[in-house]
Protein chains: 2
Amino acid sequence: MTAKASSENARDIPEATVARLPVYLRALVTLSDAGTGTCSSEELAAAAGVNSAKLRKDLSYLGSYGTRGVGYDVDYLRYQIAREIGVTQDWPVVIVGIGNLGHALANYSGFRSRGFRVVALLDADPERHQEVVAGVDVRPFDDLEQIVSEQGVAIGVIATPAVAAQDVADRMVAAGISSILNFAPTVLVVPDGVDVRKVDLSIELQILAYHEQRKSQFGAQGVTA
Amino acid sequence: MTAKASSENARDIPEATVARLPVYLRALVTLSDAGTGTCSSEELAAAAGVNSAKLRKDLSYLGSYGTRGVGYDVDYLRYQIAREIGVTQDWPVVIVGIGNLGHALANYSGFRSRGFRVVALLDADPERHQEVVAGVDVRPFDDLEQIVSEQGVAIGVIATPAVAAQDVADRMVAAGISSILNFAPTVLVVPDGVDVRKVDLSIELQILAYHEQRKSQFGAQGVTA
DNA sequence: GCCAGTTTGTTCTCACGTTCACAAACTTTT
DNA sequence: AAAAGTTTGTGAACGTGAGAACAAACTGGC
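Model, not experiment: these values are computed from the prediction.

Below, the discussion takes up the protein's contact with DNA strand C. Contacts to DNA strand C come from 27 residues, most closely from S41(A), R68(A), Y72(A), R20(B) and R68(B). Each atom of DNA strand C within 4 Å of the protein belongs either to a base or to sugar and phosphate, the latter forming 65%. Note that a base nitrogen of DNA strand C is positioned 2.8 Å from one of the side-chain N or O atoms of R68(B). Looking at the surface near DNA strand C, the elements with two or more residues in it are α3 (52-60), β2 (66-67) and β3 (71-73) of chain A together with α1 (15-33) and α3 (52-60) of chain B. By residue number, the principal contributor to the surface near DNA strand C is α3(B), which donates 4 residues. For the surface near DNA strand C, the residue count by class is 7 nonpolar, 11 polar and 9 charged.

Our next topic: the side chain of S52(B). All names here are of chain B. Among the secondary structure elements, S52 is positioned in helix α3. Of the residues examined, S52 reaches a relative accessible area of 12% and is grouped as buried. With near-sequence residues (within four places) excluded, S52 lies in contact with S41, E42 and A45.

Time to look at the protein's contact with DNA strand D. Taken together, 27 residues lie around DNA strand D, and K57(A), R68(A), S41(B), R56(B) and Y72(B) are the ones closest in. Among atoms of DNA strand D positioned within 4 Å of the protein, sugar and phosphate together represent 62%. The backbone of G66(B) places a nitrogen or oxygen atom 3.0 Å from a phosphate oxygen of DNA strand D. One nitrogen or oxygen atom from the main chain of G69(B) is found 3.1 Å from a sugar or linking oxygen belonging to DNA strand D. Secondary-structure elements contributing two or more residues to the surface near DNA strand D are α1 (15-33) and α3 of chain A together with α3, β2 (66-67) and β3 (71-73) of chain B. Per-element tally for the surface near DNA strand D: the top contributor is α3(A), with 4 residues. Split by residue class, the surface near DNA strand D holds 7 nonpolar, 11 polar and 9 charged.

Working definition: an aromatic ring pair is given by the centre-to-centre distance plus the angle between the planes. Residue and element names in this part refer to chain A. With the rule as written, the count across this model stands at 4 aromatic pairs over all chains. Judged by centre distance (5.7 Å) and plane angle (85°), the ring pair of Y65 and Y76 falls under edge-to-face. Of the two residues, Y65 sits in the loop between α3 and β2 while Y76 sits in helix α4 (residues 74-85), which places them 11 residues apart along the sequence. Owing to a relative accessible area of 17%, Y65 belongs among the buried residues under this scheme.

Conventions we followed
Sequence order sets the numbering: in each chain, residues are counted from 1 along the sequence as written. Note on labels: chains are lettered from A, ligands numbered from 1, in written order. It should be noted that, the model being predicted, local features are given only for residues of pLDDT at least 70 and side-chain atom pairs only at 80 or more, the latter also being counted only at that level, while totals for whole chains, interfaces and linings use all residues. Excluding hydrogens and water, the side-chain values take into account all heavy atoms of the structure. Put simply, a residue is near a molecule or strand once any heavy atom of it comes within 4 Å of that molecule or strand. Whenever two N or O atoms come within 3.5 Å, that pair is a polar contact, provided that in protein one can donate a hydrogen and the other can accept it, and provided that, for residues adjacent in sequence, both atoms are side-chain atoms. By the criteria applied, helices consist of DSSP H or I runs no shorter than four residues and strands consist of E runs no shorter than two, each listed in order from the N terminus. The classification used treats Ala, Val, Leu, Ile, Met, Phe, Trp, Tyr, Cys and Pro as nonpolar, Asp, Glu, Lys and Arg as charged, and all other residues, Gly among them, as polar. In this scheme, a residue with accessible area under 20% of its type's maximum is buried, one over 50% is exposed, and one in between is partly exposed, where area comes from a 1.4 Å probe on protein chains only. The contact criterion used is simple: two residues touch if any of their non-hydrogen atoms lie within 4.5 Å. What counts as a ring pair is set by centres within 6.5 Å for rings of Phe, Tyr and Trp (its six-membered ring), and what kind of pair is set by the plane angle: stacked under 30 degrees, edge-to-face over 60, tilted for all other angles.

See below:
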């Protein structure tokens, strides 16, 4: 903790905005594919499922890419957001844990088409090392370090059982990975400088259950997210 | 939009707190399994990966379940949180779309053990109707209405391709489902009173990519979530 | 060239969420 | 029984996010 390291940089995009940029990007891709050349903040906001004031404010953090009285050029804005997120070039990704979920992730076409390339599938179980999933063959977990350094991997995905997740994370960090997407239902402890995002299926259901329970208690009351 | 329907109820738990309750619950289950009878807010906070002041404030919305100078009774607090979330009894759930991801979800043991029961797997493709996944057989999507009404299903999971998701959601809502967990990369439009939560794999990766890109630009600076 | 219409970018205000700090309430020791 | 030590529950300060509202900047018609 050297000092207040922040705020030297002009562009400080709020976290809430960063989380929405990929949604806008997807909406823009859809519009572009439909042949739309220009769109207003109102249209794009509708496509992204947010309110237009919020959309305009979010976009204003990136710069002034719209034209007053006209709207946004779809392809131009699409490129600017992709550049800001950093998905104009591909990110190599390793997936560890090739169970049911790992299979699904390896086969998910949305990764490839959105700036990510699965360069390796790793599993500790030797029985799986013969398998080929989505055109990539499953390799021993011990190959991690080699793959990470050779391919310059910065992002790792953990799809192992909960008990193994922390060990996998430790090895990933030691190997040089600095961003982890964790599907295992565990809290990961990582050093400063390493980002972790978690996706927890049962937590999402539990949140729904909470609201569902309340709906049935009193008059219906939705929290349409 | 009839009126400001809120605030008639005493217990109004903030959304941010609701999202963390399942995390606390999981930590408590782990502690309980390890034989721990009592824990302080500091310990539980560490296990849940949050700061202890936040934990205490979150718990205070539920009531006063701790003892000053002592801490929390693990099993008692566990029950109270489970009751508040509504997972003391099982919720029947239907999963629509039995592709790779649907398979993974159907096999996910974390649902069953955390208050959810997969009562049906539905898919529009007749080729899949012979399959049995995780002990449940795959049935035609058209059986939705019957299953929902017979089993009293309130929660639906969408694991279809993006193009089908909105149609599935519409059918679910019409059949009486009022909470949807959406894995398809689309913005769903639903009536008031229906909750939607979305899990988007590629968006999570894109958020990581954004931070990763900034790390390599300047001095390392983590946003350890 | 001016005026009416449109749409962005931004300011202001309010609500929500986080963290600190401490009094209240309990246990243990003397 | 009083004092010293713990730990919760909460009030108050601070920071972040959301939405309304409007000025600034553009287009197109006359």
